[in-house]
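# Architecture and fold: a report
Here's the letter readout for the chains.
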Amino acid sequence: MLYVLKIAGLLSGFASTALGHGFVSGIVANGVYTEGWQVSFWYDIVNGVTIPQTPGWYEEELDLGFVPPDEYQDPNIICHKNAVNANVSATVPAGGTVEFQWTTWPHSIGPVLTYVANCGGDCKSVDKKTLEFVKIDESGINFSTQEWASGVLIANNNSWTTTVPKTLAPGHYVFRHEIIACHGATSLDGAQNYPFCLNIDVTGSGTANPTGTLGVNLYKETDPGIYFNPYVTLTNYTIPGPTLWTG
Ligand SMILES: *[C@@H]1O[C@H](CO)[C@@H](O)[C@H](O)[C@H]1NC(C)=O
Ligand SMILES: *[C@@H]1O[C@H](CO)[C@@H](O)[C@H](O)[C@H]1NC(C)=O
Ligand SMILES: *[C@@H]1O[C@H](CO)[C@@H](O)[C@H](O)[C@H]1NC(C)=O
Ligand SMILES: *[C@@H]1O[C@H](CO)[C@@H](O)[C@H](O)[C@H]1NC(C)=O
């Protein structure tokens, strides 16, 4: 058994170096570090090893790959491939911050986005297809430096910090954090989405319940910020997804 495990560990280690993509391995919510879903947990399950319960949703990004634009209307876009609800939640007060820690991230072209969806009850049993996502943080490209949000994320130790709007009503939420890698965006369906979901309870005395968008309605493959040439000096960029809600 130990031998099998070691092989699985080696394989997943190999996959991360060979392909170089990444995932959200943990968060710091209101200053508290919590481990998220690890891609290697899939191998643990196969090997009959008990995995820890984390706020990170189960997914099968075994190749450290992405959801392509021709799957934007498929439920895999919601929380990545074959995602299943996490059973526990982290906590953050409205007005507080959540830092999303990525494993080594290689692609410096593309926006970074964060959404929240109120589970309307327990996030461990909500049907992901009913979740309505509200975009609370978005960053595209700095026109004066031509530096993309993904580049900023890499420079910041592969991490991104989102502030939860102070007016957001308390409740059980799914946070959906995403990088859209656009190095291949000149081709139709050449962009790559890397969405990851975590259950986070929001506390506080906010009263806002903004309207959201179903995961399968967030993007279209022909959106101006999905299908475009990133290899020119950009003077405008339409960040994908619904309008930002700042509270
Ligand atoms: C949550 O619990 C259910 C039922 O035990 C399980 O199928 C699911 O994989 C768990 N989710 C995670 C992320 O471990
Ligand atoms: C960089 O991020 C890793 C987790 O991805 C963390 O363990 C480490 O402490 C961070 N380093 C610094 C200097 O913040
Ligand atoms: C773009 O980068 C410049 C130089 O680092 C910085 O001064 C400016 O604030 C940035 N603009 C935005 C919108 O972040
Ligand atoms: C920039 O603006 C033009 C004119 O409105 C639009 O056609 C184009 O799609 C935009 N480009 C991006 C990358 O958002």
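Up top is the structure.
Keep in mind that what you see is a predicted model, and the values were worked out from it rather than measured.

Cut-off values and rules
Residues numbered from 1 in each chain as written. Chains lettered and ligands numbered in written order. Predicted model: local features only at pLDDT ≥ 70, side-chain atom pairs only at ≥ 80, totals over all residues. Heavy atoms only, no water. Pairing = 2+ DSSP bridges. Helix = DSSP H or I, 4+ residues; strand = E, 2+ residues; numbered from the N terminus. Axes fitted to C-alpha atoms, helices over the stretch in contact; angles between N-to-C directions. Near = heavy atom within 4 Å. Polar contact = N/O pair within 3.5 Å; in protein donor to acceptor, adjacent residues only side chain to side chain. Areas by Shrake-Rupley, 256 points an atom, 1.4 Å probe, with all protein chains shown as cover. Nonpolar A, V, L, I, M, F, W, Y, C, P; charged D, E, K, R; others polar. Buried < 20%, exposed > 50% of the residue type's maximum accessible area, 1.4 Å probe, protein only. Contact = heavy atoms within 4.5 Å.

This brings us to the sheet that holds strand β12 (residues 213-214). Pairing in this open sheet of 6 strands is mixed, and the strands run β3-β11-β10-β5-β6-β12 from one edge to the other. On the outer flanks of this sheet lie β3 (90-93) and β12, each paired with one strand and no other. Sheet topology note: the β3/strand β11 (residues 192-203) ladder contains 4 bridges and is parallel. Residue pairing across strands places V92 opposite V202, the latter belonging to β11.

Turning to the sheet that holds strand β4 (residues 97-102), a few remarks are in order. Sheets are built from strands that pair by backbone hydrogen bonding, the pairs being arranged parallel or antiparallel. Spatial strand order, β2-β1-β4-β9: 4 strands in an open sheet with antiparallel pairing. Across the chains shown, the open sheet's two edge strands, defined by having one partner strand only, are β2 (32-35) and β9 (159-163). For this sheet, the mean inter-axis angle between neighbouring strands, taken without regard to orientation, is 20°.

What follows deals with the site of ligand 4. By nearness alone, every residue bordering ligand 4 is listed as P224, F228, N236, Y237 and T238. Contact distances for ligand 4 include 2.2 Å between an oxygen atom and a side-chain N or O atom of N236. Within the side chain of T238, an N or O atom sits 2.9 Å from an oxygen atom of ligand 4. Across the complex, the protein chains shield 48% of the 360 Å² of accessible surface that ligand 4 would expose by itself. Across the shell around ligand 4, the residue classes break down as 3 nonpolar, 2 polar and no charged.

Take the environment of F175 next. Along the chain, F175 falls in strand β10 (residues 171-181). Residue classification places F175 among the buried positions, given a relative accessible area of 0%. Sequence spacing of F175 and I200 is 25 residues, and the spatial spacing of their C-alpha atoms is 6.5 Å. Every residue in contact with F175, bar those within four places of it in the chain, is listed here: V92, V98, F100, Y115, V116, I136, V164, F196, C197, L198, I200 and V202.

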